[in-house]
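Listed below, chain by chain, are the residues.
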Protein chains: 2
Amino acid sequence: MVSNENIKYINYNELKTFCSELFKSEGIPSEEAEIIADNLVQANLRGVDSHGVSRMPIYMKRLKLGLVNPVCKTKIEKKSVSTAVINGCNSMGAVVGYKAMNYAINEAKEKGIFFVAVNNSNHFGTAAFYAMMALEHNMIGFSTSNAPSSMAPWGGYKPFFGTNPFSFAIPADKRAPIVIDMATSVVARGKIILALKNNKKIPEGWAINKEGEVTTDPREALEGSVLPFAGPKGYSIALLIDVLCGILSGAVYGPHINSLYDNFEEPQNIGHCFAAIDISKLIDPAEFKNKVDKMIEEIKSSPKAKHVEEIYLPGEIEFNTQKERIEKGIPLTIPVIKELKYLGKSYNVNTDLFE
Amino acid sequence: MVSNENIKYINYNELKTFCSELFKSEGIPSEEAEIIADNLVQANLRGVDSHGVSRMPIYMKRLKLGLVNPVCKTKIEKKSVSTAVINGCNSMGAVVGYKAMNYAINEAKEKGIFFVAVNNSNHFGTAAFYAMMALEHNMIGFSTSNAPSSMAPWGGYKPFFGTNPFSFAIPADKRAPIVIDMATSVVARGKIILALKNNKKIPEGWAINKEGEVTTDPREALEGSVLPFAGPKGYSIALLIDVLCGILSGAVYGPHINSLYDNFEEPQNIGHCFAAIDISKLIDPAEFKNKVDKMIEEIKSSPKAKHVEEIYLPGEIEFNTQKERIEKGIPLTIPVIKELKYLGKSYNVNTDLFE
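I will try to describe carefully the structure that is included in this document. Predicted model only: the values in this text are computed from it and were never measured.

Residue and element names in this part refer to chain B. Within strand E4 (residues 113-121), nine of the nine residues are buried, leaving the element largely enclosed by the surrounding structure. Bridging between strand E3 (residues 83-87) and E4 involves five bridges; their strand directions are parallel. Following the sheet pairing, Ala-84 is matched in E4 by Val-116. Crossover connection from E3 via helix H4 (residues 93-111) to parallel E4: handedness right-handed.

The following block contains the structure:
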């Protein structure tokens, strides 16, 4: 944990406006700037700081270098009754994802399920952002993305797969929805990037260095390989995601994806997949949501192992954190704030929220 | 590993006929008996002995007790453009699954993707059996099932979820297809059952006893809880599968599913889900399969970590085992053979294949 001296609490709405203004300075239309800012700040609100506003510097740098199209143009390349391939036209990942997920949701209303594969996109933030869009439509949402190489195949040590994350969101009735969002590595690479940014060591078991040995140095870890969760199981899921996002979509996979951080010459050509299932096509949504509530209650009241105070549902901790951070503000570390202030000054965007 | 003195190699075709004959003796129609026998023997061929013919005694017992309908009647309860709910009408899981997956495949030819949720079914064997059915149609196959409680929620010790397995199958061109099949526990409960049957200890980390302590005794483990893989991640996926198979389908979930082994009064009411994606609706299947081949070759030639002789793709070891066992026969342990011979004698089915 970060000590209180090294953090400041920032109002989430002001933070969103600040990010949005920065994006607009790089030619992103207002509505799209808000989507990306919302995507990043939502990650911070939910406690997923590795995918929050600490990404602003790299997003802005790639926009400035013209590596990402500021105005989102997407193109439907192929369509069947219940599937589509969408070309992201090298626009901002968060906007491409938002549009593609909305498309899946709208089509699922008619078809029951709809699956979208996206090529030629960019880093899209947290997967949960898209899966959760399905919730208000009484749908189960799914999203996944590939990412640049950082994880070796099981038995190897040279990065091949990204930490390819995926998310499922399941609506409940009175309880908070169930939101599953995980990287296929032991931890998201973003957590190692954040550790480096905050000068912290990483726990053993997260990553190996480029010689294939376990390391606790985030810099060495980023040069080496993060480890898949559950060994061959995490490896298998990362591979599946790369087949869906990197081959089925017409994008590229693993080692052929350009780095967000190290390649300032070419676009990333990342692929995503999104799906929505309209619950009403299978079961009465009220019955479904009641049963999910009942399941949640049964899990919460399951007898606890020693030293465990509470059993949590996937996404529950994030919802609690969100409630708290909406009230108290988002705790940002000084190094992150420094970078944001620097950006603000460079683009003449008001940085008073950080004072 | 089991020593050579304790095993006999049995021809897979003869074994299939033997199982099929047994099923027919309990009133299962010939064609359906062959599907179930194929399902079990395929598991043995692929080296997944926990899901193979060692299940014959319990399958036969439940049939004999009238807990499962020998003649498979399924009913489409609800249908939308690209989804269906199928009532398995308490028939044999392997036949219900076979029919439901075929339904998904046929519909996906028109729709691009098709999703089937099944209720009122029974133990369906390995998930890979169904996902792999999609391969010859140039489709990506998906299958999953819930199962009786054996795994506590993360932070608890009382079994709630099954070891809910899932499988994805991805066609390749010249290379073997990629077949992912995993339980959401560290290991399949079937491996613990097999350990018990063969009087073996289980490794630490597989399970906890009913007091919540780590155990290496398969009997204690079966009374306690198996552990999810990767802690909260495996727990999240098991939960997701139970929502899909146990709530969305209209079946029941976790603690409400009746045991295969301990409840001889009621049907199981297990739920499954199946999906097929027609690759041609998204990308030229030849291009897709070539790229999968290329990806496989890149992974296979990735530099190996110390002490690693070969990097394997998911399903590759199973394909190698299958090739070997088709030739050499399926190695069955003496305790398993003893049970099969007992069954053969009880039903007047020829047991010469075991001599």
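Where strand E4 (residues 113-121) of chain A and strand E10 (residues 270-278) of chain A come together, seven bridges link them in antiparallel fashion. Across the sheet, residue A:Val118 finds its bridge partner in E10(A), namely A:His272.

The interface is formed by 58 residues belonging to chain A together with 58 residues belonging to chain B. For the side of chain A that touches chain B, the secondary structure elements donating two or more residues are strand E3 (83-87), helix H4 (93-111), E4, strand E6 (166-170), strand E7 (178-182), helix H8 (232-248) and helix H9 (285-300) of chain A. In terms of residues, the side of chain A that touches chain B owes the most to one element, H8(A), which gives eight residues. Its residues assigned to classes, the side of chain A that touches chain B comprises 37 nonpolar, 11 polar and 10 charged.

Another point: the packing of H8(A) against helix H9 (residues 285-300) of chain B. The relative placement of two packed helices comes down to the angle between their axes together with the axis-to-axis distance. Remark: H8(A) packs on H9(B), axes separated minimally by 11 Å, with the N-to-C direction vectors making an angle of 130°. Judged by the angle between their axes, H8(A) and H9(B) are oblique. When the axes of H8(A) and H9(B) are compared, the crossing they make is right-handed. Of the residues in H9(B), those in contact with A:Val243, A:Ile247 and A:Leu248 of H8(A) are B:Phe288, B:Lys291, B:Val292 and B:Met295. When grouped by side-chain class, the residues that make up the contact of H8(A) with H9(B) number six nonpolar, no polar and one charged.

What follows is about the relation of the copies chain A and chain B. For the pair chain A and chain B, the superposition axis carries a translation of 0.0 Å, the fit reaches an RMSD of 0.0 Å, and the rotation angle comes to 180°. Expressed as a symmetry operation, the mapping of one chain copy onto the other fits a two-fold axis. Every residue of chain A has its C-alpha some distance from the rotation axis, and the shortest such distance is that of A:Ala230, at 2.5 Å. Comparing interface residues between copies, 100% of those in chain A also sit at the interface in chain B, which points to an isologous, same-surface contact.

All right, on to helix H6 (residues 189-197) of chain B then. Residues spaced three or four apart along an α-helix point in a common direction, a consequence of the helix completing one turn every 3.6 residues. Residue and element names in this part refer to chain B. Taken across its nine residues, H6 has seven buried, putting it largely inside the fold. Among the residues of H6, those classed as buried are Arg-189, Gly-190, Lys-191, Ile-192, Ile-193, Leu-194 and Ala-195. Just downstream of H6 lies Asn-199, where phi reads positive at about 55°.

With that out of the way, let us pick up the nonpolar core. Core analysis: the biggest nonpolar cluster contains 250 residues, and A:Ala104, A:Val116, B:Ala104 and B:Val116 have the highest contact counts within it. With residues up to four places along the chain from it excluded, the contact list for A:Ala104 reads A:Phe114, A:Val116, A:Phe274, A:Ala275 and A:Ala276.

Moving on, we come to the environment of B:Pro285. Residue and element names in this part refer to chain B. Along the chain, the position of Pro-285 falls in helix H9. Taking the C-alpha atoms as reference points, Pro-285 and Tyr-9, 276 residues apart in sequence, are found 39 Å from one another. With sequence-adjacent residues up to four places away left out, Pro-285 is seen in contact with Asn-138, Ile-279 and Ser-280.

Moving on, we get to unusual backbone geometry. Phi is positive for A:Asn348, close to 60°, though the residue is something other than glycine. Within the secondary structure, A:Asn348 is located in the segment after helix H11 (334-346). Its 9 C-beta neighbours within 10 Å are what place A:Asn348 among the exposed residues. At B:Asn138, a residue that is not glycine, the phi angle is positive and equals roughly 55°. Locating B:Asn138 in the fold gives a position in the loop between helix H5 (128-131) and strand E5 (139-145).

This part takes up the packing of helix H1 (residues 12-25) of chain A against helix H2 (residues 30-45) of chain A. Residues and elements named next belong to chain A. Look at H1 against H2: their axes get within 8 Å of each other, and the N-to-C directions meet at 140°. Put simply, H1 runs oblique to H2. Every pair of crossing elements has a handedness; the one defined by H1 and H2 is right-handed. In contact with Tyr-12, Leu-15, Lys-16, Cys-19, Ser-20, Phe-23 and Lys-24 of H1, H2 contributes Ser-30, Ala-33, Glu-34, Ile-36, Ala-37, Asp-38, Leu-40, Val-41 and Leu-45. In the contact of H1 with H2, the residues fall into 10 nonpolar, two polar and four charged.

Our next topic: the sheet that holds E5(B). Judged by pairing direction, the sheet is mixed, and its seven strands sit side by side in the order E2-E3-E4-E10-E5-E6-E7 (chain B) without closing on themselves. Each having just a single partner strand, strand E2 (75-79) and strand E7 (178-182) of chain B make up the two edges of the open sheet. Neighbour-to-neighbour, the strand axes of the sheet open up by a mean angle of 15°, direction not taken into account. Two elements, E5(B) and strand E6 (residues 166-170) of chain B, share four bridges in a ladder whose sense is antiparallel. The residue bridging B:Gly141 from the neighbouring strand is B:Ala169, located in E6(B). Each of E6 and E7 of chain B touches H8(A); the most contacted strand, E7(B), lies at about 135° to it. In this fold helix H8 (residues 232-248) of chain B packs onto E4, E5, E6 and strand E10 (270-278) of chain B, with an angle of close to 110° to the strand it touches most, E10(B).

Calculation criteria
Residues numbered from 1 in each chain as written. Chains lettered and ligands numbered in written order. Predicted model: local features only at pLDDT ≥ 70, side-chain atom pairs only at ≥ 80, totals over all residues. Buried ≥ 20, exposed ≤ 12 C-beta atoms within 10 Å, placed from the backbone. Helix = DSSP H or I, 4+ residues; strand = E, 2+ residues; numbered from the N terminus. Pairing = 2+ DSSP bridges. Right-handed = clockwise from strand over helix to strand, strands pointing away. Contact = placed C-beta atoms within 7 Å. Nonpolar A, V, L, I, M, F, W, Y, C, P; charged D, E, K, R; others polar. Axes fitted to C-alpha atoms, helices over the stretch in contact; angles between N-to-C directions. Parallel < 35°, antiparallel > 145°, perpendicular 65-115°, else oblique. Left-handed = near helix turned anticlockwise from the far one by under 90°. Least-squares fit on C-alpha atoms with pLDDT ≥ 70 in both. Core = buried A, V, L, I, M, F, W, Y, C linked by C-beta atoms within 7 Å.

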